[in-house]
Amino acid sequence: MTDPGPPRSRLVWTLRHRRTTLLLCVAVMLMGIASAFTLTPGTAVRDMLPAQSPAAAAMDRVLTDFRLIDDLMVLVEPALQDDTDHDKLRAFAERFAAAMNQEEDVAYVRFDRGETIARTKLLNDLAWSQAWSRLNDDQRRGLRERLTPNAMRTALEKRAAELAAPGARPAAWRDALADDPLGLLRWLEESSHDDEASRIEFFESLPTEDQADLETDLALGVDGRSLLIRIGGTRPANDLPYSQALVRRTQAAIKAANTDELLWQLTGPHAIANYSASSTKRDMVVSMVVSLGLITFLFFVVYRDHRTLPITLLTVNGGIVVAFGLYALGRGQLSPVTATCGAVLAGLGIDYCVHLLAHARSRKPEDLGQAMRRMTPILGAACVTSAIGFAAVGASGVRALTEFAVLGVLGLACTLAMTLTFLPAALASASTSVSTPSEDKGAPDASDNRLSDWLIPLVSALFSHSRRWLFLTAMTAGMAASWLLLIGTDQVRFASDLEAMHAVPNPPLEAQALITERFAVRPSVLFVHLDADDPASLLNRAQTLNRSLRDFRKKHPHLYSHFDLGMLLSPPIPQEAEPKPDAKRTLADFDAAVADSPFRAESFSGFRTRLATALNPAERPDWNSLRGAQEDVEPVLPRSFFNGSAANQSLAVLTLDTPWELLEEREALLSDLRLALAKVPGSTLTGLAVVGAEMQEALAGVTERLVWIAGVSVIVWLCVFFRNPWEVMAALFPAVLGLLVLAALIGLTGIELHAANLIALPLTLGLGVDDGIFLVAVARRVRRSQGTVQTLQRELATAAAAIVITSLTTLLAFGSLAFTRTPAIESLGLLSAVGIVSCLLASLFGLIPILAMSHTGRRRATPSHGTA
C-alpha cells in the first residue's frame, strides 16, 4: 500500500495541485515555442552600433536611403591558373545577365567598362556646362582674354614648340594636350584661391577619343583573368527576406549559366547579410546543443538519477523557450549576441534546479515542500543579482546588448519560475506514481551525493587553516589590484572595427577583400552625410562641402579622391557682371587658329565640344537632369530623389589611399576632417571606420559605468536582503575578487574589449554574488539555529557541492560559445569562463574561511539546540 503522503496543509500550492500546475506550465511552454518560431535573425549594422553615436545614426541612414553599396557582386575566374580565355567569361556574363535581367527586383547587371567611362563623361559634361558660373569675375575676365584670336594662336604655337622640342613626349602628355590645347584648365588651377574661388574640377580618368574601343571591354582585374559582375539591388541589404531571395536567385542563375565550370564567389552587402543570418541561426543551435549536452553529461555523472535528469532538462528548456517567446512578442531579433543567450541561460537556469535539489532530502512532496520554503528566498535573491548583471549590460546604449539584457532577465525569471512550479510538481508526481514502500527507502537523496561527501574533508581543512587560506586569497586579490593600478585603466584596449562581429570563415567578406586586391580598388571609404531642409539649402551646403574637401585634400594626401553633389550642380547663376564671350565667334576663331597651326582639327574635337558646352550649354544641369542620369549619380543622392521626391540629403564619398587598419595617422585624419566639416552645416562624417572609432570611444566611456551600475545595484539589493553590513560584504567577496582577476587578465593579455565580450564584466559581478549569497545564507541559518562547527561544515559542504556543480554548468554554457564562428562571441566565452572560475575559487578558498573564522569567533563548538 502506498504512503498517503503528508497533510495537504503542509504543502505549497504547486504541490497540492500538481496536475493543474503541470498542465499550466506545459501550456505556457507550448505557447512560448510557437512565439519563439517567429524570431528572425537581425543583421542590420545599426544593431551593433552605439545609439548616441552621430556617425552610427548617419550610417544607418546611408544604408537605408542610399544605393551606394547595394550591389551584389560576383567574382568569376577560370579554374586553371594559366587560362585567360575571355570568350568564356563573356559568354558566361551574357547568359547570366540575360537570366537576371528578367527578375523584377534587379535594377541592372553590369560586367563591362562602359559604365565607368559613361559616368566619367557625364561628370565632365556637367562640370563644363557649369564652367562659367563657377568662375569669379577676375577669372571670367582672364578667360575672355585667353579666348581672343591672338591669344589662342600664341597658345597653339607654344604647344607646337613644346612638342617639337628634343626628347620623346610621353603618351599622357599628348593626351593632356588633346584635352586642353589652350592650357585653360592649368590656368584656372593656378588662378584659383584657396577658400573662395571655384574652378572646373579635374575628374579621375578623363576619357579620350582613343578609349572609345574600351567601352565594351570586360571589367577584368589587374590579373587579366578575373571578371567582376555587379547586380543592382532595388532594396537595401538590411531587408533580409529580399537579400535572401536575391542571393538564391543569383546562385541559381550562376549555376545555370556556368557551363564552362568557372570558379565564382558572391560578395556585397546582400551576400554578407544572408551569410550572417544563416551563421547566426547555426551558432544558436550549435551552442544550445553543445551546452545542453555537456550539462546533461555532468548532471548524470553527479546525480545518477535517470528520473530526475529529464525532468530537470525539461524545466530548464521550458523556461528558456518561454523567455524566447516573450522576447519575440516584443519584436526582438536574433543578433549574433542574442543568439548565444539560449546557451548561457541553459547554464544559469539549471543552477536553480541544482540548488533546490541539493536541499531536498528526497523527491517526496513533504521534502520538496520543505526545500522550496527554505530555498525560494535565496533563489530569488540570487536571481535578482544575476538579473542586475544582465540589466547593467543594457545601459551600454547598443541595441544588440540591450536586447541581450532583456532576453537574459526574461530567461532568469522564467527558469526560476519553472524551477519553483514545474520541477517540484513533476518530481512529486513521478515519485508518487512509481514508488512503493520498499522503493521509498532507496529513493534518490540529493543531499547524500558523492560530491558533498568529497567536499566535507576540504571544508574541514579550510576551517582548520582558515587564516592561511584567507591570506593566500587576499594575496591574490592584492596582486590583481596592484597590477590594475600599475597599468591603469587607460591601458585597456577597445576594438575600433566591427570585423570581430562577423563569422569566421566568412566567404563573402573574403571575396570582398579579393576584389579589392585584384581590381586595384581603393581600400577604404568614408562618407559625409549632408542634411538640409530644402533642395536650395542642400545645394549651397554641398558647394561649401566641396570646397572644404578640396582644401582638405591639399593638407592630407591620404584622401585620394571625393565624389559629391557639389561636383554635379552649381548654385543658380547670379546676375553676370562679365558677359560670356560669343560662342560662335570664339569657336570660329579657335578653328582658324588650329588651321594655321601644325595640328589636325580632329585632334581637338573633344576639347572643342567642351568649350562649346562651357560658353553656350544646350541645357543648364538641374535636378531633373540628375534624375535622368540615375545610374551614374545615385551614390550621392537618395533613392527617394529618383522616385520624384525633393532632395533634402546627399552623400559625399571619400576614398583613402591606404587601408584603414594600416593608416598610422587615422586619429589625426578623423580629427582634422571633423574640424574641416564643422564649417558645413548639416554634415556628419560616417562610414564603418568612423563608426568603429566612435564605438571605441563610447565603449571606453561606458565600461566603467556598466560595472558601477551593476555594483551599486547589487549592493543595494544585498542590503535589502541581508540587512547586515558584514553579510553584505561577505557575499560580495567572490564577485569582487573574480572581477579583479578578470580585469587583470584583460590588461595583462591585451584582449580588446568590444560590444560583445564587454558583457563578461557586469555578468561576472552579478553571477559571482550568487555564490556568496548561498554560502552566507547557509552560515546565517546555522548561526540562528545555534548549530555547531560540525553542522556548519556539513551544511557548507552541501552548499559548496551545489556551487561547484552550478559553476561547472555555467562554465560549460559559456564554454559552448567556443563552438561559434564569431570571434567576439568566442572572446565572451573565454572571459566569462575566467570570471566564473575566479568566483568559484574565491568562494571556496576565501569566503568559506571567512565564514569559519566568523562562526568560531562567535561560538566555539557550541552545542546545537536544533537541526540545521
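Structural data are supplied above this passage.
Let us look at the structure shown here. Computed from a prediction, not measured in an experiment: that's the story for all the values here.

**A short note on the overall build of the chain**
Thought 1: In terms of regular secondary structure, the chain is built from 32 helices and 8 strands.
Thought 2: Taking all 868 residues of the chain together, the buried fraction comes to 54%.
Thought 3: Looking at the chain as shown, the accessible area adds up to about 37,800 Å², and 57% of this sits on carbon and sulfur atoms.

**Some words on the sheet that holds strand β6 (residues 559-563)**
Note on sheets: strands pair through backbone hydrogen bonds, and any given pair is parallel or antiparallel.
Thought 1: With antiparallel pairing, 4 strands are arranged side by side in an open sheet as β6-β7-β5-β8. Each edge of the sheet is formed by a strand with only one pairing partner; in this case those strands are β6 and β8 (683-686). Taking each pair of neighbouring strands and ignoring which way they run, the sheet shows an average axis angle of 20°.
Thought 2: Across 8 bridges, the pairing between strand β5 (residues 524-531) and strand β7 (residues 649-656) is antiparallel. Bridge pairing in β7 places Val528 opposite Ala652.

**Section: the packing of aromatic side chains**
Thought 1: All chains considered together, the criterion is met by 10 aromatic pairs.
Thought 2: Look at Trp623 and Phe641: their rings are 5.8 Å apart centre to centre, the planes differ by 65°, and that puts the pair in the edge-to-face class. Placement of the pair is Trp623 in helix α24 (residues 623-628) and Phe641 in helix α26 (residues 639-642), with a sequence separation of 18 residues.
Thought 3: Aromatic pair Phe721 and Phe722: ring centres 4.9 Å apart, planes at 80°, arrangement edge-to-face.
Thought 4: Sitting above the plane of the Phe641 ring, Arg627 keeps its charged end 4.2 Å from the centroid.

**Details of the packing of helix α14 (residues 365-393) against helix α28 (residues 688-722)**
Thought 1: Between α14 and α28, the least distance of the axes is 8 Å, while the angle of their chain directions is 165°. Put simply, α14 runs roughly antiparallel to α28. The two elements α14 and α28 cross, and the hand of that crossing is right-handed. Contacts between α14 and α28 involve Pro377, Ile378, Ala381, Val384, Thr385, Ile388 and Ala392 from the former and Leu706, Ile709, Ala710, Ser713, Val714, Trp717, Leu718 and Phe721 from the latter.
Thought 2: Class assignment for the residues of the contact of α14 with α28 results in 13 nonpolar, 2 polar and no charged.

**Observations regarding the side chain of Thr686**
Thought 1: By the element assignment, Thr686 lies in strand β8.
Thought 2: Engagement of the side chain of Thr686 in a polar contact is seen with the backbone oxygen of Ala55, the distance being 2.7 Å.
Thought 3: Reaching out from Thr686, the side chain makes a polar contact with the backbone nitrogen of Met59 at a distance of 3.4 Å.

**Observations concerning the packing of α14 against helix α30 (residues 760-784)**
Thought 1: With their axes 7 Å apart at the nearest point, α14 and α30 run at an angle of 160° to one another. Taken together, the axes of α14 and α30 are roughly antiparallel relative to one another. Judged by the twist between their axes, the crossing of α14 over α30 is right-handed. Where α14 approaches α30, its residues Arg374, Met375, Ile378, Leu379, Ala381, Ala382, Thr385, Ser386, Gly389, Phe390, Ala392 and Val393 are matched on the opposing element by Pro762, Leu763, Gly766, Leu767, Val769, Asp770, Ile773, Phe774, Ala777 and Arg781.
Thought 2: Looking at the contact of α14 with α30 residue by residue, the class counts come to 15 nonpolar, 4 polar and 3 charged.

**Some thoughts on the environment of Leu266**
Thought 1: Among the secondary structure elements, Leu266 is positioned in strand β4 (residues 263-267).
Thought 2: On the basis of relative accessible area, Leu266 is assigned to the buried category, the value being 10%.
Thought 3: For the pair Leu266 and Met73, spaced 193 residues apart in sequence, the C-alpha to C-alpha distance is 5.8 Å.

**Looking at helix α20 (residues 535-555)**
Thought 1: In a regular helix each residue adds 1.5 Å, so 21 residues correspond to 30 Å; α20 covers 30 Å between its end C-alpha atoms and thus fits that length.
Thought 2: As for α20, its buried residues are in contact with β5, β6, α21 (565-568), α24, β7 and α27 (666-677).
Thought 3: Where α20 starts, the residue carrying a side-chain oxygen 3.1 Å from the main-chain nitrogen of Ala536 turns out to be Asp534.

**A closer look at helix α31 (residues 789-815)**
Thought 1: Over its 27 residues, α31 extends 37 Å from the first C-alpha to the last, a length consistent with the 39 Å expected when each residue adds 1.5 Å.
Thought 2: Most of α31 is tucked away: 21 of the 27 residues are buried.

**Brief notes about a nonpolar patch on the surface**
Thought 1: A contiguous nonpolar patch, built from Val26, Leu30, Ile33 and Phe37 and spanning about 410 Å² of accessible area, is present on the exposed surface.
Thought 2: If you trace the backbone, Phe37 turns up in the loop between α2 (18-36) and α3 (54-65).
Thought 3: By relative accessible area, which is 71% here, Phe37 ends up exposed.

**Structural notes on the sheet that holds strand β3 (residues 227-233)**
Thought 1: Judged by pairing direction, the sheet is antiparallel, and its 4 strands sit side by side in the order β2-β3-β1-β4 without closing on themselves. Strands with a single pairing partner mark the edges of an open sheet, and in this sheet they are β2 (106-110) and β4. Neighbour-to-neighbour, the strand axes of the sheet open up by a mean angle of 15°, direction not taken into account.
Thought 2: In this structure, strand β1 (residues 71-77) lies alongside β3, joined through 6 bridges in antiparallel fashion. Along β3, the bridge assignment pairs Leu75 with Leu228.
Thought 3: Helix α10 (residues 240-257) contacts β1, β2, β3 and β4 of the sheet and is inclined by roughly 170° relative to β4.

**A closer look at the nonpolar core**
Thought 1: Formed by 133 residues in total, the largest nonpolar core has its most connected members in Leu718, Leu796 and Ile848.
Thought 2: Ranked by residue count, the leading element in this core is helix α15 (residues 399-434), at 15 residues.
Thought 3: Those residues within four positions of Leu718 in sequence are excluded, and the remaining contacts are Thr385, Arg723, Val728, Ala731, Leu732, Val769 and Ile773.
Thought 4: By size, the runner-up hydrophobic cluster in this structure holds 49 residues, among which are Val62, Leu538, Phe552 and Ala689.

Procedures and definitions
- Residues numbered from 1 in each chain as written.
- Predicted model: local features only at pLDDT ≥ 70, side-chain atom pairs only at ≥ 80, totals over all residues.
- Heavy atoms only, no water.
- Helix = DSSP H or I, 4+ residues; strand = E, 2+ residues; numbered from the N terminus.
- Buried < 20%, exposed > 50% of the residue type's maximum accessible area, 1.4 Å probe, protein only.
- Areas by Shrake-Rupley, 256 points an atom, 1.4 Å probe, with all protein chains shown as cover.
- Pairing = 2+ DSSP bridges.
- Axes fitted to C-alpha atoms, helices over the stretch in contact; angles between N-to-C directions.
- Phe/Tyr/Trp six-rings, centres within 6.5 Å; stacked < 30°, edge-to-face > 60°.
- Lys NZ or Arg CZ within 6 Å of the ring centre and 35° of its normal.
- Parallel < 35°, antiparallel > 145°, perpendicular 65-115°, else oblique.
- Left-handed = near helix turned anticlockwise from the far one by under 90°.
- Contact = heavy atoms within 4.5 Å.
- Nonpolar A, V, L, I, M, F, W, Y, C, P; charged D, E, K, R; others polar.
- Polar contact = N/O pair within 3.5 Å; in protein donor to acceptor, adjacent residues only side chain to side chain.
- Expected span 1.5 Å × (residues − 1).
- Patch = residues over 30% accessible without salt bridge, like charges linked within 9 Å, V, L, I, M, F, W, Y side chains within 5 Å.
- Salt bridge = Lys/Arg side-chain N within 4 Å of Asp/Glu carboxyl O.
- Core = buried A, V, L, I, M, F, W, Y, C linked by side-chain atoms within 4.5 Å.

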